Each structure stands twice: as structure tokens, then as C-alpha cells.
Amino acid sequence: MNGKKELKKEIKDLEEGGIDIFHLDVMDGSFVPNFGMGLQDIEYICKTATKPCDVHLMIENPSKYVEKFASLGAKIIYIHPEIDPHACRTLQMIKDAGAKAINPGTSSETVKDLLHLCDYVMLMSVNPGFAGQKYLDFVTPKFKKFVDEAKNYGGYDVMIDGACSPEKIEMLSKMGVKGFILGTSALFGKDKSYQEIINELRGL
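Residues numbered from 1 in each chain as written. Predicted model: local features only at pLDDT ≥ 70, side-chain atom pairs only at ≥ 80, totals over all residues. Heavy atoms only, no water.

## Thoughts on the overall build of the chain
And step 1. The helix and strand tally for the chain stands at eight helices and seven strands.
And step 2. Relative to the 2.2 N^0.38 estimate, which gives 17 Å for 204 residues, the radius of gyration of the chain is 16 Å and therefore close to what a compact globule would have.
And step 3. Here the C-alpha coordinates of the chain stretch approximately 45 × 35 × 30 Å along the principal axes.
And step 4. Accessible surface computed for the chain: about 10600 Å², of which carbon and sulfur atoms make up 50%.
And step 5. Averaging the positions of the 25 positive and the 29 negative side-chain charges in the chain gives two centres separated by 1 Å. (Helix = DSSP H or I, 4+ residues; strand = E, 2+ residues; numbered from the N terminus. Rg over C-alpha atoms; globule rule 2.2 N^0.38 Å. Areas by Shrake-Rupley, 256 points an atom, 1.4 Å probe, with all protein chains shown as cover. Lys, Arg positive; Asp, Glu negative; His and termini not counted. Charge placed at Lys NZ, Arg CZ, Asp CG, Glu CD.)

## Overview of the pattern of salt bridges
And step 1. On inspection of all chains with the given rule, the structure shows nine salt bridges.
And step 2. In this structure, the salt-bridge partner of Lys9 is Asp13, at a minimum N-O distance of 2.7 Å. Taken together, the positions of Lys9 and Asp13, both in helix H1 (residues 2-17) and four residues apart, correspond to about one turn of that helix.
And step 3. Residue Lys9 is classed as exposed on the basis of its relative accessible area, which comes to 51%. (Salt bridge = Lys/Arg side-chain N within 4 Å of Asp/Glu carboxyl O. Buried < 20%, exposed > 50% of the residue type's maximum accessible area, 1.4 Å probe, protein only.)

## Overview of the packing of aromatic side chains
And step 1. Tallied over the full model, the rule gives one aromatic pair.
And step 2. Its guanidinium or amino end placed over the ring of Tyr135, Lys168 lies 4.7 Å from that ring's centre, counting from NZ or CZ. (Phe/Tyr/Trp six-rings, centres within 6.5 Å; stacked < 30°, edge-to-face > 60°. Lys NZ or Arg CZ within 6 Å of the ring centre and 35° of its normal.)

## What to know about helix H7 (residues 166-175)
And step 1. If you check which residues of H7 are buried, you get Lys168, Ile169 and Leu172. In a view along the axis of H7, the buried residues occupy a sector of 100°, so they form one face of it. In H7, the exposed positions that point more than 90 degrees away from the buried face belong to Glu167 and Lys174.
And step 2. Tucked into the core, H7 has its buried residues touching helix H6 (140-149), strand E6 (157-161), strand E7 (179-181) and helix H8 (194-202).
And step 3. Positive backbone phi, approximately 115°, marks Gly176, located one or two places after H7. (Arc of directions from axis to C-beta. Contact = heavy atoms within 4.5 Å.)

## Brief notes about the packing of H1 against helix H2 (residues 39-48)
And step 1. Viewed as axis vectors pointing N to C, H1 and H2 meet at an angle of 45°, and their least axial separation amounts to 11 Å. In terms of orientation, H1 and H2 fall into the oblique class. For the pair H1 and H2, the sense of crossing is right-handed. Between H1 and H2, the contacting residues are Lys4, Leu7, Lys8 and Ile11 on the first element and Asp41, Tyr44, Ile45 and Thr48 on the second.
And step 2. For the contact of H1 with H2, a count of residues per class yields four nonpolar, one polar and three charged. (Axes fitted to C-alpha atoms, helices over the stretch in contact; angles between N-to-C directions. Parallel < 35°, antiparallel > 145°, perpendicular 65-115°, else oblique. Left-handed = near helix turned anticlockwise from the far one by under 90°. Nonpolar A, V, L, I, M, F, W, Y, C, P; charged D, E, K, R; others polar.)

## Some words on the nonpolar core
And step 1. Core analysis: the biggest nonpolar cluster contains 55 residues, and Phe22, Val55, Phe69, Ile77, Phe143 and Phe146 have the highest contact counts within it.
And step 2. Excluding residues that lie within four positions of it along the chain, Phe69 makes contacts with Val26, Leu39, Ile42, Val55, Leu57, Ala74 and Ile77.
And step 3. Ile76, Ala101, Met122 and Met159 belong to the second largest nonpolar core, which has seven residues in total. (Core = buried A, V, L, I, M, F, W, Y, C linked by side-chain atoms within 4.5 Å.)

## Section: the side chain of Asp54
And step 1. The residue Asp54 is located in strand E2 (residues 53-58) in this model.
And step 2. With no salt bridge to any partner, buried Asp54 finds its closest opposite charge in Lys75, at an N-O distance of 13 Å.
And step 3. Excluding its chain neighbours within four sequence positions, the residues that come into contact with Asp54 are Ile21, Phe22, His23, Leu24, Ile76 and Tyr78.

## Brief notes about the sheet that holds E7
And step 1. The parallel open sheet is built from four strands, whose spatial order is E4-E5-E6-E7. The sheet terminates laterally at strand E4 (99-102) and E7, the two strands that pair on one side only. Going from strand to strand, the sheet's axes swing by 20° on average, the running direction of each strand aside.
And step 2. In this sheet, strand E5 (residues 120-124) lies alongside E4 in parallel orientation, the contact comprising four bridges. Note on E5: the bridge partner recorded for Ala99 is Tyr120.
And step 3. The strands touched by H6 are E4, E5 and E6; relative to E6, the strand with the most contacts, the crossing angle is about 160°. (Pairing = 2+ DSSP bridges.)

## Side note on H2
And step 1. Within the sequence span of H2, burial applies to Ile42, Tyr44, Ile45 and Cys46.
And step 2. Tucked inside the fold, the buried residues of H2 contact H1, strand E1 (22-27), E2 and helix H3 (66-72).

What follows is the structure in C-alpha cells.
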């Protein structure tokens, strides 16, 4: 019970702080070596939060779980096309709110045939599966390329996941990146309230 109370308070604090969406990582211990949130936690957050929730499927065979996470309440579902041999089919399954995540090593040329199915393109600036990693500088030109190409594929929004510090938010927002998934680099474990931090970040 205490765990649910703490989770409920964290949800409330984040929403009052001004977040736009909850980003929930799902890891299978295979595609990435760690394990993420359990289904019960994800279901609880989706049902309790008044803000929308997305899920980031860092798992093998993501198509098997699209309907499950949609039924739990996820509004956006990200996949890694490099692990899905039928990524086009999977994206079609989540087209209404669909998106995909791209590993730092994945080039835009590799996934260009999938972009017309995407409402969001989430570029990872770290290797998937671990919190607290350093930003990979070689990914920066990729953000610009995907932003510049968006108009050719229906106008998807570009997001960043990983090492999302205030400095990177300022740089990438000027480049045209629309969404910033916050973690320990900017939001958690700080000596300010969520509201103070988010207001400062929006000012960038």
C-alpha cells in the first residue's frame, strides 16, 4: 500500500509541476540488459494520471504487446525498429498514436520508409537501457536531419530521450526538437520543486 501511496503522490507532484506526459520505459532484459516497470505499475499510472502516458518498448517482438499496452491506457507507443523485423506492420498497429524510437546507431536512411507512419520520432541520445549516461555527441546532427526531413513525411514531431540536460534542451529546441523526456539530467534528484525546474526549462 505504501508503494501505491508514494506513486500516487509522485504522479500528483509531477502533474502539478507542469509536465505534459508520463514516459514509461518497458525493458525485457533481452533487447536491453535491464528490466523496467511492471505491468501493474504502468496500468496504475495510466489510470491515475490526468496527463497522457506513453510507453517506450525496449523489448523484442514489440508487436505482440501493442494491444496490451494500448488497453492499459498508453496513448503513444514507441518501438525500436532495429529489433522488429516487421516494424512497418507494428507501426501500422499503433498508427493513431504511433511512434518509434531510434537507437543512437540507427541511421535515418535505415528507417526512412517507416517515417510516413509516425506521429513522433524519438531519437535516443544514449544507448537504451541505462539511466544516467552521458549524451552521445555524434547523435546531434541526426536531430537536425530528422527535423529537416519531417515536412516530407507528414510532419512528425522529433523528441529526445536520454541525457536531456538544460544545456541540451536549449540547443535542441532551437534546432526544432519538440519534446524532451526528462530524467536525472534535468528533473529528478534536484534541490528544487518540479514546478520550479519545469518553468525554468520552458524558459529555455
